[in-house]
Amino acid sequence: MSLDIEFVRSQFPALETGWAFFDNAGGSQVLRPVAERVAEYMLTTSVQTGASYGPSVKASELLAQARDRIATFVGAARPEEVFFGPSTTVLVRFLATAMASQLTAGDEIIVTNFDHESNIGPWLILKQRGIVFRVWEIDPETLMPSLDTLNALMSVRTRLVCVTHASNLLGSINPIRQIADFVHARGARICVDGVAYAPHRTLDVQELDVDYYVFSFYKTYGPHYAVMYGRHELLLELDGLYHYFYGKDKVPGKLEPGNPCYELVWGAAGIVDYLEALGRGKGRHAIESAFDQIAAHEAEIGERLLSWLRVRNGVRIVGDQNSQAAFRVPTISFTVDGHAPQDIVARTDQAKIGVRHGDFHSRRLAEALGLSPSGVIRVSMVHYNTIVEVDRLIDVLDQSLS
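Residues numbered from 1 in each chain as written. Predicted model: local features only at pLDDT ≥ 70, side-chain atom pairs only at ≥ 80, totals over all residues. Heavy atoms only, no water.

A. Representation of the overall build of the chain in the model. On a plain count of helices and strands, the chain comes out with 13 helices and 13 strands. By principal-axis analysis of the C-alpha atoms, the chain measures approximately 65 × 50 × 35 Å. When each of the 402 residues of the chain is scored for burial, the buried share is 57%. Within the chain, contacts between residues at least 6 apart in sequence are counted, and of these 69% link residues at least 24 apart. A total of about 15900 Å² of accessible surface is found on the chain, and carbon and sulfur atoms cover 51% of it. Taking the average location of the 37 positive side-chain charges in the chain and that of its 47 negative ones, the two points are 3 Å from each other. (Helix = DSSP H or I, 4+ residues; strand = E, 2+ residues; numbered from the N terminus. Buried < 20%, exposed > 50% of the residue type's maximum accessible area, 1.4 Å probe, protein only. Contact = heavy atoms within 4.5 Å. Areas by Shrake-Rupley, 256 points an atom, 1.4 Å probe, with all protein chains shown as cover. Lys, Arg positive; Asp, Glu negative; His and termini not counted. Charge placed at Lys NZ, Arg CZ, Asp CG, Glu CD.)

B. The sheet that holds strand 4 (residues 132-136), seen in detail. Read across the sheet, seven strands follow the order 2-8-7-6-5-3-4 without closing on themselves; strand pairing throughout is mixed. Both edges of this open sheet fall to strand 2 (82-85) and strand 4, since each of them pairs with a single strand only. Across the sheet, the mean angle separating the axes of adjacent strands is 20° when strand polarity is ignored. Pairing analysis gives four bridges linking strand 2 to strand 8 (residues 226-230), with the strands arranged antiparallel. When the bridges of strand 8 are listed, Val82 appears paired with Tyr229. Taken strand by strand, helix 3 (residues 54-74) contacts strand 2, strand 7 (212-216) and strand 8, and its axis lies near 110° from that of strand 2. (Pairing = 2+ DSSP bridges. Axes fitted to C-alpha atoms, helices over the stretch in contact; angles between N-to-C directions.)

C. Layout of the domain arrangement of the chain. When the domains of the chain are assigned, the result is domain 1 (5-30 + 284-396) and domain 2 (34-274). Domain 1 and domain 2 are separated by 25 Å when their C-alpha centres are compared. With 44 residues of domain 1 at the interface, the matching set in domain 2 holds 38 residues. Overall, the association of domain 1 and domain 2 removes approximately 3200 Å² of surface from exposure, summing both partners, and the carbon and sulfur fraction of that is 58%. The tally of links between domain 1 and domain 2 comes to three salt bridges. With a shortest N-O distance of 3.2 Å, Arg201 and Glu298 are connected by a salt bridge. Applying the counting rule to domain 1 against domain 2 returns 22 residue pairs in polar contact (both at pLDDT 80 or more). Those elements giving two or more residues to the side of domain 1 that touches domain 2 turn out to be helix 1 (5-10), helix 10 (283-311), strand 10 (331-336), helix 12 (363-368) and strand 13 (376-380). Counting residues per element, the side of domain 1 that touches domain 2 draws most heavily on helix 10, which supplies seven residues. (Domains from an automatic or database assignment. Buried area = accessible area lost by both parts, 1.4 Å probe. Salt bridge = Lys/Arg side-chain N within 4 Å of Asp/Glu carboxyl O. Polar contact = N/O pair within 3.5 Å; in protein donor to acceptor, adjacent residues only side chain to side chain.)

D. Broad picture of the nonpolar core. Among the nonpolar cores identified, the biggest contains 83 residues, and Leu150, Tyr213 and Phe215 are the most heavily contacted of them. For this core, the element with the highest residue contribution is helix 9 (residues 262-279), accounting for eleven residues. Split by domain, this core shows at least three residues from each of two domains, domain 1 (5-30 + 284-396) and domain 2 (34-274). Residue contacts for Tyr213: discarding those within four places in its chain leaves His165, Val192, Gly194, Tyr197, Leu203, Val205, Leu208, Val227, Met228 and Tyr229. By size, the runner-up hydrophobic cluster in this structure holds 28 residues, among which are Leu103, Ile109, Trp123 and Leu160. (Core = buried A, V, L, I, M, F, W, Y, C linked by side-chain atoms within 4.5 Å.)

E. Structural view of the pattern of salt bridges. Inspection of the entire model under this criterion finds 25 salt bridges. Residues Arg356 and Asp23 are paired through a salt bridge, measuring 3.0 Å at the closest nitrogen-oxygen approach. In this pair, Arg356 sits in strand 12 (residues 356-358) while Asp23 sits in the loop between strand 1 (20-21) and helix 2 (32-44), placing the two residues 333 residues apart along the sequence. Judged by its relative accessible area of 40%, Arg356 falls in the partly exposed class.

F. Examining the side chain of His116 more closely. Checked against the element boundaries, His116 lands in the loop between strand 3 (108-112) and strand 4. Judged by its relative accessible area of 16%, His116 falls in the buried class. When residues no more than four places from it in sequence are discounted, the contact partners of His116 are Asn168, Asp193, Phe360, His361 and Ser362.

Below is the structure:
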């Protein structure tokens, strides 16, 4: 099936404003069914869960339904394996805090220099406990992570490897199942940041064989909220973050201090409704069908921009120049000789085209590639973008570089 772009765009009211949104890796537009769910909950069911009176029973049922829907979205084995929080950064900090008592001084955690800071900085609080951090650096030639490099970093004291599924600067997709197998064979666990991947491709945490996986809904067509998956047996081992009477077996509640934001969880489940409608069915099969359509369309619009950038004098594409869906998402970064990124973005602003420049909180990667302080121009597309919008952008870039 090909993507029904008219249906897609009808589900995002903000697209009617005349703006072309190409800053989606910073935050996507919100689905109508998501906003409607949030409003519905707040206007009809805004009570505390867990009581015996009718509205509270309904609120509890809705939260359980939403958790189940999100578990289906990520491919979790059971709904208790997903828990919610304000952002990816906060959820990684929660995980680091809840994991701390399992670690002893001299244990090692590997982070990268090619991740968003959300899966680096929050872990560093564990230095206070004597945890040793090693940095897995990107290959400067291939701009991909090397397992040989990772192997040289790992030891019998390695407890965790933290890595991104897709780069929010390069757009490249990392081979997470291969990395997970490699890490597990050496007795460690893996935590994956899927923020830049989740809007673009089917997620299946069981197939990926990851231990923890986290991403933000607000970059996946939903509200400003986030979700983390963890294997059930690993969540049971974590310390609780809630009141003392939330025992170690009370998952996911012990990892959601203050309770999740009910209306945002209920709203986020609307993402699944939308994907099922796009896939013309129910459950995982429909979600996979929807993302097959999304991947094909994104490869087409990505190629439209990449084909122009490849032949433009003075342009350096930062990342893979290949538009194939297996290798990258349509997050495309570039620099232009003799032109400051902010000056080009100022021109796109005037044309009602939303583009961004900078390092996008992947500062360690930008520094490693010599892209600081101005960073890159980043065009981050998703499936609701069109060829017509890409051509609008190319016209403005053409004029800016003339």
